[in-house]
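# Results of the structural survey
Each chain, letter by letter, is given below.
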Amino acid sequence: MIAERLRSALGARKVLTGKAERMTYRHDAIQIGALPMAVVLPEDTADVVTTVKLCRDANVPIVGRGAASGLSGGAAPARESVVVAFTRMTKLDLFPERREAWAQPGVVTATVSERAKPFGLVYPPDPASWRTSTIGGNLAENAGGPMCFKKGVTGDYVKEIEFVDASGAVHRAARDAFDLAGLLIGSEGTLGLITGARLRLDTPPAFTRTLMAHFAEVGQAAQAVSRAIASGAVPAKLEFMDRACLGAVEGYLGIGLPVHAGAALLIDTDGDDEETVTEELELARAACEAEGGTVRVAANAAEAEDLWRARRAISPSLGRIRPHRMNEDIVVPRSALAEVVREIEELGREAGLVVAQFGHIGDGNLHPNILYDPKKESSDAVHALAHEIALVAVRHGGVLSGEHGIGSMKRDFMTDAVDAVTMDVLWRVKRTLDPRGQLNPDKLLPEVSA
Ligand SMILES: Cc1cc2nc3c(=O)[nH]c(=O)nc-3n(C[C@H](O)[C@H](O)[C@H](O)COP(=O)(O)OP(=O)(O)OC[C@H]3O[C@@H](n4cnc5c(N)ncnc54)[C@H](O)[C@@H]3O)c2cc1C
C-alpha cells in the first residue's frame, strides 16, 4: 500500500518495490535487518518531504541510509520500514572564497576533498571508509578518523544543516542559539533526515612526517601514546594496531610488517613549519623508545603511504581470520589506555575468542573487534564478550561509542553507560522531534523509560 502511494507520488524511477531490490537494502556493513516495504531514492529535498508525509500518514517507520558502511546496524531496518537511500542526492557546491562547501547527503566523503583540492583546500574528517561513506551518514554518526586527533571530527566541520523532521517540515539549523544542528549530528537518523550541510574547508599542511613504532607488548604502545602527548607533541594522526591486526594485514599485503610485535603505533606530525614538524616527530620517537619501542621513520612520501596502506587495510584483512566480526568502538581516558587494552586482551583469551584491537588511540578511541565464525562460535558468547568490553570502558570513565554510533548493536548497553535522568532527557528530545517514533525506531535508545 505505502509502496503504491510512494510510486504514484514520486514516480516509479524513484521507488524500488521488487523483492530482490528491497533485499539489498536490508543491511549495513555489520547487520542484516528486516525487509524494507519500499526503498525511496530521493533526488531532492522535496522528494524527502513527500516521502516523510506519506509515511507519517500511513504510520510507517522510515530508515535513512547513505552508503550502508555503518558498523552498528544503524541503516539496517529493525522492523518493516521504508528505507530512504540518499545515493542520488550528490550535488556539491564549492565556495572557495568562504572556504565552504554545500553538500547534499549522498556526496561521498572523499569527493569533498578531491573537488576542493584545485582550490588549495581540504575537508579534514577522514573516516577509513571515506571512499564509500557519505556526508549524510558521516553527519548522522558524527564520524571520526585518523586525522581527528588534531583536526577534529565531522561535527567540527559543519556550519549549518538542512533536515526534514518527522512531520515533513524542512528546517535550516546553524550552530547558534540551541545548536539544533549539533543535536542532529550523531543522532543516527532518529531525529530527522539530513538533506544538506554547509561544510567548513581547511588548508592542507605543507609538511608531513610519518613513523611506525612496534612494541613487544600492547600496553607499552598505549603508554608511549600518553608519554608522547605529555611531552608536548600534537601528532596529526596517532593510530595503533595489535598483533592480530599486524598478522592479518601482513598476510593480506605482504609489506614486511613486524608480525611478531605485540602492537604497533603509526604516527604523523604535520604543519606549515618543517622544523616544528620534525621536532614533534622526534618527541614521538623519544616517547616510543622510552617505552621499549623500535622505531622506523618513513624516508619519503612513498614509504609513508605504504605504512598508512597497512592501517587502511585492517578492516578488509580481518576477514581472513574469521568471516564475521563484532566491531566495538569504545573511548577511554588516555591515562587508562594501557590498562584497558590489557584487560580487553585478557577478556578475549578467557572467552576463547579472537579479539583484534586497533583504533585512533590518540583520542582514546579503540576498536576491539571480536572475530568469529557463526558455524563454530556462539553468537551469545560474542554478544556477552562485547558487553564485557563495553563495561571495561564504562568502568574506566569512558563511553560506548567514539564514531560508529550505538545503532542496534550497542543499544542494550546504553543503560550501563547513561544514568536514568540523562536517559529521560534523551527520550524527551526524541519524543519532541519524533512524537510517533517513526524515525529509525529501535535504534540508539533502549525502551527502558519509553
Ligand atoms: C572499512 C570501514 C572503515 C570504517 N572506518 C571508519 C572510521 O575511521 N571512522 C568512522 O567514524 N567510521 C568508520 N566506519 C563506519 C562508517 O563508515 C561510518 O559510520 C559512516 O559515517 C557511515 O556512513 P554511511 O554513508 O555508510 O552511512 P550508513 O551506514 O548508510 O548510515 C549510518 C547511519 O546514518 C543514518 N543516516 C544515513 N544518512 C542519513 C541522512 N541523510 N539523514 C539522517 N540519517 C542518515 C542511518 O540511518 C544510520 O543510522 C568504517 C566502516 C567500514 C566498513
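One can find the structure itself at the top, above this paragraph.
Quick look at the structure, then. Given the structure is predicted, the values throughout are model-derived calculations rather than measurements.

The next subject is the sheet that holds strand 2 (residues 38-40). Judged by pairing direction, the sheet is mixed, and its 4 strands sit side by side in the order 1-2-4-3 without closing on themselves. Two strands lie at the open edges of the sheet, namely strand 1 (15-16) and strand 3 (62-65), each paired on one side alone. Pairing geometry for strand 3 and strand 4 (residues 82-85), over 4 bridges, is parallel. Bridge assignment links Gly-64 to a residue of strand 4, and that residue is Val-84. Across the sheet, helix 3 (residues 45-58) lies against strand 2, strand 3 and strand 4, angled at about 170° from strand 4, the strand it touches most.

The ligand sits among 34 residues. The nearest are Gly-64, Gly-66, Ser-69, Ser-129 and Thr-134. Here an oxygen atom of the ligand and a side-chain polar atom of Thr-134 are 2.7 Å apart. In this structure, an oxygen atom belonging to the ligand sits 3.0 Å away from a main-chain N or O atom of Gly-144. Expressed as a share of its isolated accessible area of 970 Å², the protein-covered part of the ligand is 94%. Counting only elements with at least two residues in the shell around the ligand, the list comes to strand 3, helix 5 (135-141) and strand 9 (193-200). Here the shell around the ligand gets 5 residues from one element, more than from any other, and that element is helix 5. A class-by-class count of the residues in the shell around the ligand yields 12 nonpolar, 18 polar and 4 charged.

On to the sheet that holds strand 9. With antiparallel pairing, 5 strands are arranged side by side in an open sheet as 5-6-9-7-8. Both outer strands of the open sheet, strand 5 (92-95) and strand 8 (170-174), are each paired with one neighbouring strand and no more. Averaged over all pairs of adjacent strands, the angle between strand axes in this sheet comes to 15°, irrespective of strand direction. Its contacts with the sheet put helix 3 on strand 7 (158-164), strand 8 and strand 9, and the angle it makes with strand 7 is roughly 45°. Against the sheet, helix 4 (residues 109-116) contacts strand 5 and strand 9, and its axis sits at roughly 40° relative to strand 5.

Quick notes on the rules
- Residues numbered from 1 in each chain as written.
- Predicted model: local features only at pLDDT ≥ 70, side-chain atom pairs only at ≥ 80, totals over all residues.
- Heavy atoms only, no water.
- Pairing = 2+ DSSP bridges.
- Helix = DSSP H or I, 4+ residues; strand = E, 2+ residues; numbered from the N terminus.
- Contact = heavy atoms within 4.5 Å.
- Axes fitted to C-alpha atoms, helices over the stretch in contact; angles between N-to-C directions.
- Near = heavy atom within 4 Å.
- Polar contact = N/O pair within 3.5 Å; in protein donor to acceptor, adjacent residues only side chain to side chain.
- Areas by Shrake-Rupley, 256 points an atom, 1.4 Å probe, with all protein chains shown as cover.
- Nonpolar A, V, L, I, M, F, W, Y, C, P; charged D, E, K, R; others polar.

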